[in-house]
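Fold and contact review
Okay, here's what each chain looks like letter by letter:
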Amino acid sequence: MPLMGTKNYRHLNKRLNRVDSADKITGRALYAADVKVPGMIFGGSLRCKYAYAIIVEIDTSKAKAIPGVYAVLTAKDVPKTQSWADYPYLSDGTVRFVGETVAIVAAETTDLVEDALKAIEVEYEELDGVYTIEGALEKNAVQIREKGVGLKDGLPDKDKKGNIFYDSYYPIRKGDIEKGFSEADFILEREYKTPFVEHSYIEREACVVMKDPDAGIVTAYASAQNPFFTRRYLADAIQAPFNKCRVVQKMLGGSFGGKEELVGLMVGRAALLVMATDRPVKMVATREESFMESAKRHPFNFKYKAGLTKDGKIIAWEGTQIANAGAYNNQTQYLNCRAAIHSAGVYNIPNIKTDTYGVFTNNIHSGAMRGYSSPQIIFAQEQFLNEIAKEMGIDEIDLRRKNILKQGDLTATSQKLTAETITLEMIDHMVNTTEYYRKKEEYSNTHKSKEKRKGIALVSCYRGSGYGAETPDAGGSLVTAIEDGTILINTGLAENGQGLKTAYTQIAAEGIGCTTDIINFVGVDTHSIPDSGMTVASRGTVMGAQSMRKASIDLGTLLRETAAMLLKTDPDKVDIDNNEFYIIGSDGKNKVSLADVCNTRLWTGKAMAVYNWSEPGDLGIDHHTGQGDAFPTYSYGVVVAEVEVDMETGFVDVLKVSSGHDVGTCVNPDTVEGQIYGGIAMGQGFGVTEEVPVNKGQLESKNFDSYIFPTSIDVPEMEAVIFECDDSAGTYGAKSLGEPATEAVGAAIAAAVANATGVPVRELPCNLERTLLGKSLSKGGMIK
Amino acid sequence: MNKIKLVMTVNKKNVETEIEPYARLLDVLRDKFGFTGVKEGCGIGECGACTIIMNGKKVNSCMVLAAQAQGADILTIEGVENSDGSMHPVQEAFLEKGAVQCGFCTPGMVISSYHLLNENQDPTDQEIKEAISGNLCRCTGYKQIINAVHMAADNMKK
Ligand code: FES
Ligand code: FES
């Protein structure tokens with residue numbers, strides 16, 4: 001079985017304590033809200049309480065008159081109201097979601113900021129908006145964005161007016177769908193739904209922005225997931241050149257895709273206040289503001305139809321996947337590229353027709369959240385597969401074994417899987433080690449109970465590693481040797497809590513041959529290194545680290561040359577151990593330390609650093625058919641969940657989750673396991689409790705008293721199973737893991753609930769009412 | 001409003017300052033004294049990022065008025081290290097067991113674990129889970145944290 005541990009590396013495949021842990025454990029680590037600079041004042045935002053309204057008048061005079069209030073800005077006071085990425089810094093006169101910012105203030109203290117916000121008077125004229133996917137697509141729905149388009153023959157059409165975000169439309173056309181269905185012995189059609197979900201990182205968004213002549217114009221210290229992306233907002237808001245706007249990432253208290261838009265807007269707003277007051281400005285979102293303006297996981301409506309032969313081979317697959325994009329959006333067009341590519345699951349299906357698009361509604365925007373559409377899609381597809389198995393009377397594991405993608409098969413985009421693909425082995429391993437069939441039998445004895453029933457389910461999935469066809473996957477790294485024999489590594493990708501610093505340290509050590517303890521990872525400073533794209537898409541290790549690998553190998557070669565010169569031999573006769581170069585085969589007398597080598601290079605004027613830029617491979621899909629090579633490679637996952645459902649209350653107790661992942665090469669088992677365990681907890685929330693309820697655009701959860709995700713008491717028994725395989729696409733053969741770790745867990749739990757209750761789950765989360773009745777009663781219904 | 005003179009002991013040092021009567025202990029610790037290891041996550045007593053020990057009791061400092069800490073003996077994450085500057089066994093175990101990811105919950109988690117081990121040298125899984133149930137973590141799934149507390153308990157017995 002291809003389990004972890006058979007690969008031969010010096011530093012990879014080995015446990016290493018995280019390089020940033022000590023500072024975090026002792027409280028020394030500084031996060032953005034911990035930054036304090038001389039002369040600093042505070043900023044705040046006034047947010048509207050309507051989902052769709054026209055601003056008739058804003059009167060800021062009373063706020064401005066308060067002593068200690070230094071600036072009150074509205075649309076008319078700033079160079080531009082709308083950011084480069086669609087989202088508004090300040091409302092342009094129409095507010096389109098609850099929480100849209102209509103004014104910003106700066107004052108001496110946070111108390112004065114609050115006083116000033118309260119003193120601003122705004123008169124609104126409320127409008128009727130659209131709030132749901134169904135509402136946005138209604139025939140006579142109001143059009144809430146000028147760029148929205150309508151449907152023609154059921155498909156988005158540029159010449160029609162409506163609420164569809166056209167850039168986010170991706171069709172997949174493979175084979176001949178009509179022929180496929182005409183040859184099918186069995187056809188089933190089902191619909192599924194998922195809600196808004198909040199990232200719930202424990203650190204709220206924060207920044208300090210100040211004038212900084214050393215940097216050019218301004219420097220921002222920010223809780224930015226993607227500092228270069230944040231720089232775009234900073235420069236854009238104050239209309240300054242990028243090379244004079246510097247963003248420094250502080251230690252980041254979790255992000256999961258969330259600290260992008262709101263952090264960018266906040267930095268832009270703070271910069272506007274800095275320019276207006278000439279003082280450094282700190283802004284920290286309250287948790288309520290974070291709920292109101294940070295992106296959410298996209299709600300999706302799915303409709304799938306599948307055609308199978310009588311022996312269980314899927315030969316036709318049709319689908320519509322519609323995402324709720326919210327009022328402003330610059331994410332759904334990328335997210336839906338991925339959603340479309342994965343719209344037929346991890347299955348080998350000859351005839352596919354799917355359409356994926358987003359709609360504008362008067363809600364908070366949806367964005368990136370760990371998975372980037374996959375948790376929703378896998379939930380829907382895997383429930384559908386189990387419904388098919390049940391209706392056809394075939395075993396759900398057999399159905400998967402029969403259809404799962406294997407080496408040599410074609411994906412939905414007709415990409416041929418050339419690398420080793422261990423899907424069948426993974427399914428078999430997970431079935432055996434979880435004793436799936438024994439437990440299924442045992443649990444079925446509880447299925448008549450009126451009190452507690454147990455259920456088990458297995459789901460399988462895959463995920464394109466890195467950006468793939470979404471956008472070019474390039475990046476650069478700088479590796480510098482210093483005269484005392486220590487190493488600095490620097491890249492444009494960021495530590496977001498996932499362990500990137502540690503993984504990059506191991507990758508650099510592997511390349512140079514030195515130990516990990518002499519390497520220091522420089523935090524991201526946009527003035528210190530070129531933009532390497534975003535730390536998203538679980539690309540940090542698999543693709544982003546390619547340049548780190550190459551730069552460190554090249555630096556290792558240079559160092560070895562100097563060592564060989566000092567040892568009076570050829571470079572290929574020299575190796576390094578414990579930071580000492582030695583002649584291979586010598587008895588250890590001929591040695592020279594890394595420090596001496598570095599020192600010699602410095603004083604002989606030799607290069608001390610290597611910068612490597614790694615260019616993307618040749619990938620791309622045809623926009624009309626969705627056909628083409630979509631990703632450099634794919635990660636595979638098989639997850640088994642076991643639950644107990646209280647049939648009186650509907651309470652779902654998740655007993656155990658066993659999560660198996662093909663990671664290609666496991667860089668660090670500690671961080672990989674940490675990702676898997678954390679992914680299980682987040683997937684449990686997605687499956688069972690997490691939903692930001694919205695009622696006509698009003699968020700009904702704005703803090704952790706009503707938005708519930710798992711505590712230490714709630715989490716199940718967890719089993720992490722790490723598979724490896726031979727696949728040369730990623731850095732040292734590594735594949736994505738951050739998102740795979742969570743994407744299938746909610747699906748597995750929902751399927752286990754369906755197994756326990758006998759009622760299919762078609763909408764998440766499996767909260768109390770839905771679990772028992774298959775629908776939600778929380779909006780105005782009654783529980784009998 | 002009249003300011004209040006606040007005198008307390010934080011991490012074994014006597015400190016004093018002037019505060020507004022409505023100031024939260026969390027803000028006073030962070031802003032007046034620079035104990036920024038005490039984090040704010042929710043501000044409503046739900047997440048535990050602001051956990052400290054006050055007069056031997058574990059509290060959420062966002063829910064305590066600074067004025068209530070008059071004369072109190074307070075321990076924050078900054079005071080958990082041994083007097084020689086080395087890490088406390090709880091901290092060592094968090095490092096060794098991979099119990100830290102983004103680290104934002106970590107100060108509160110360490111304080112809760114430290115507090116538990118002061119009262120119970122040999123906690124069961126369930127007792128550990130209960131002790132840290134007021135500390136939300138979005139990254140780790142808690143498993144490596146629970147392992148770390150067991151390891152710390154073992155090491156402290158040695
Ligand atoms: S900030 Fe005090 S409990 Fe969350
Ligand atoms: S480590 Fe990130 S919240 Fe716990």
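Residues numbered from 1 in each chain as written. Chains lettered and ligands numbered in written order. Predicted model: local features only at pLDDT ≥ 70, side-chain atom pairs only at ≥ 80, totals over all residues. Heavy atoms only, no water.

**Here we look at the overall build of chain A**
Scanning chain A from terminus to terminus reveals 21 helices and 34 strands. A compact globule built from 784 residues should have a C-alpha radius of gyration of about 28 Å, and chain A, at 27 Å, falls within 12% of that. Along the longest, intermediate and shortest principal axes, the C-alpha atoms of chain A span 80 × 75 × 50 Å. Within chain A, the fraction of its 784 residues that count as buried is 65%. Of the contacts formed within chain A by residues at least 6 apart in sequence, a portion of 79% connects residues at least 24 apart. Accessible surface, chain A: about 27,600 Å² in total, of which carbon and sulfur atoms supply 49%. Between the mean site of the 84 positive side-chain charges and the mean site of the 104 negative ones, chain A shows a separation of 1 Å. (Helix = DSSP H or I, 4+ residues; strand = E, 2+ residues; numbered from the N terminus. Rg over C-alpha atoms; globule rule 2.2 N^0.38 Å. Buried < 20%, exposed > 50% of the residue type's maximum accessible area, 1.4 Å probe, protein only. Contact = heavy atoms within 4.5 Å. Areas by Shrake-Rupley, 256 points an atom, 1.4 Å probe, with all protein chains shown as cover. Lys, Arg positive; Asp, Glu negative; His and termini not counted. Charge placed at Lys NZ, Arg CZ, Asp CG, Glu CD.)

**Quick notes on the overall build of chain B**
Helix and strand content of chain B: five helices and five strands. When its helices and strands are written in sequence order, chain B yields β-β-α-β-β-β-α-α-α-α. When the backbone C-alpha atoms are referred to their principal axes, chain B occupies close to 50 × 30 × 25 Å. Residues classed as buried in chain B amount to 57% of the 158 residues present. Across chain B, every contact between residues at least 6 apart in sequence was considered, and the portion connecting residues at least 24 apart equals 54%. Total accessible area on chain B stands at roughly 6,400 Å², and carbon and sulfur atoms take up 47% of it. Averaging the positions of the 16 positive and the 19 negative side-chain charges in chain B gives two centres separated by 2 Å.

**A few points about helix α9 (residues 332-341) of chain A**
Each full turn of the α-helix corresponds to 3.6 residues, which orients residues three or four apart in the same direction. With nine of 10 residues buried, α9 of chain A is to be regarded as a mostly interior element. Taken together, the buried positions of α9 of chain A are occupied by Thr332, Gln333, Leu335, Asn336, Cys337, Arg338, Ala339, Ala340 and Ile341 of chain A.

**Here's the deal with the pattern of salt bridges**
Residues and elements named next belong to chain A. In this structure the tally under the stated criterion is 54 salt bridges over all chains. When the shortest N-O distance is used, the salt bridge between Arg15 and Glu673 registers 3.5 Å. With a gap of 658 residues between them, Arg15 in the segment before α1 (21-26) and Glu673 in helix α18 (residues 669-689) connect regions that are remote in the sequence. Assessed through its relative accessible area of 17%, Glu673 is described here as buried. The shortest N-O distance in the salt bridge between Glu580 and Lys591 comes to 3.5 Å. (Salt bridge = Lys/Arg side-chain N within 4 Å of Asp/Glu carboxyl O.)

**Re the domain arrangement of chain B**
The extent of an interface is frequently quoted as the accessible surface area lost upon association of the parts. Residues and elements named next belong to chain B. Assigned domains within chain B: domain 1 (4-77) and domain 2 (89-157). Just the C-alpha atoms count here: the centres of domain 1 and domain 2 sit 22 Å apart. In this assembly, 16 residues from domain 1 lie in contact with 13 residues from domain 2. When the two sides are added together, the surface that domain 1 and domain 2 hide from each other amounts to roughly 1,200 Å², 64% of it contributed by carbon and sulfur. Across the domain 1-domain 2 interface, the total number found is zero salt bridges. (Domains from an automatic or database assignment. Buried area = accessible area lost by both parts, 1.4 Å probe.)

**Considering the confidence of the model for chain B**
Confidence along chain B averages 97 in pLDDT terms, with 99% of residues attaining 70 or more. As scored by the predictor, the complex reaches a pTM of 0.96 and an ipTM of 0.98. (pLDDT = per-residue confidence, 0-100.)

**With respect to the interface of chain B and chain A**
The interface of chain B with chain A comprises 42 residues on the first partner and 51 residues on the second. Across the pair Arg28 of chain A and Glu81 of chain B runs a salt bridge whose closest N-O atoms are separated by 3.7 Å. Across the contact surface, chain B and chain A share 26 residue pairs in polar contact (both at pLDDT 80 or more). Its residues assigned to classes, the side of chain B that touches chain A shows 19 nonpolar, 11 polar and 12 charged. (Polar contact = N/O pair within 3.5 Å; in protein donor to acceptor, adjacent residues only side chain to side chain. Nonpolar A, V, L, I, M, F, W, Y, C, P; charged D, E, K, R; others polar.)

**Some points on the sheet that holds strand β4 (residues 57-60) of chain B**
Residue and element names in this part refer to chain B. If you trace the five strands from one edge of the open sheet to the other, you get β2-β1-β5-β3-β4, paired in mixed fashion. Both edges of this open sheet fall to β2 (13-19) and β4, since each of them pairs with a single strand only. Averaged over neighbouring strand pairs, the angle between their axes works out to 40° when direction is ignored. With seven bridges connecting them, strand β1 (residues 4-10) and β2 associate as antiparallel partners. Among the inter-strand pairings, Lys5 is bridged to a residue of β2, identified as Glu18. Here helix α1 (residues 25-32) sits on the sheet and contacts β1, β2, β3 (51-54) and β5 (73-75); the angle it forms with β1, its principal contact strand, is near 75°. (Pairing = 2+ DSSP bridges. Axes fitted to C-alpha atoms, helices over the stretch in contact; angles between N-to-C directions.)

**What to know about the domain arrangement of chain A**
Residue and element names in this part refer to chain A. The domain architecture assigned to chain A consists of domain 1 (32-127 + 199-293), domain 2 (296-468 + 622-773) and domain 3 (474-614). Each of domain 2 and domain 3 was reduced to a C-alpha centroid, and the two centroids are 38 Å apart. If you look at the interface, domain 2 gives 20 residues, while domain 3 gives 20 residues. Here domain 2 packs against domain 3, burying approximately 1,500 Å² in sum over the two surfaces, 60% of which is carbon and sulfur. Per-residue buried area on domain 2 facing domain 3 is highest for Tyr467, Thr731 and Tyr732; these three make up 43% of the total on that side. For the interface between domain 2 and domain 3, the tally reads zero salt bridges.

**A few points about the sheet that holds strand β13 (residues 245-249) of chain A**
All names here are of chain A. Reading across the sheet, the seven strands line up as β3-β5-β1-β14-β11-β12-β13 and stay open at both edges, with mixed pairing between neighbours. Two strands close off the open sheet at either side, each with one partner strand: β3 (69-73) and β13. Each adjacent strand pair in this sheet contributes to an overall mean axis angle of 20°, direction not counted. Pairing of strand β12 (residues 218-222) with β13, which is carried by five bridges, proceeds in the parallel orientation. Bridging across to β13, Ala222 finds its partner in Gln249.

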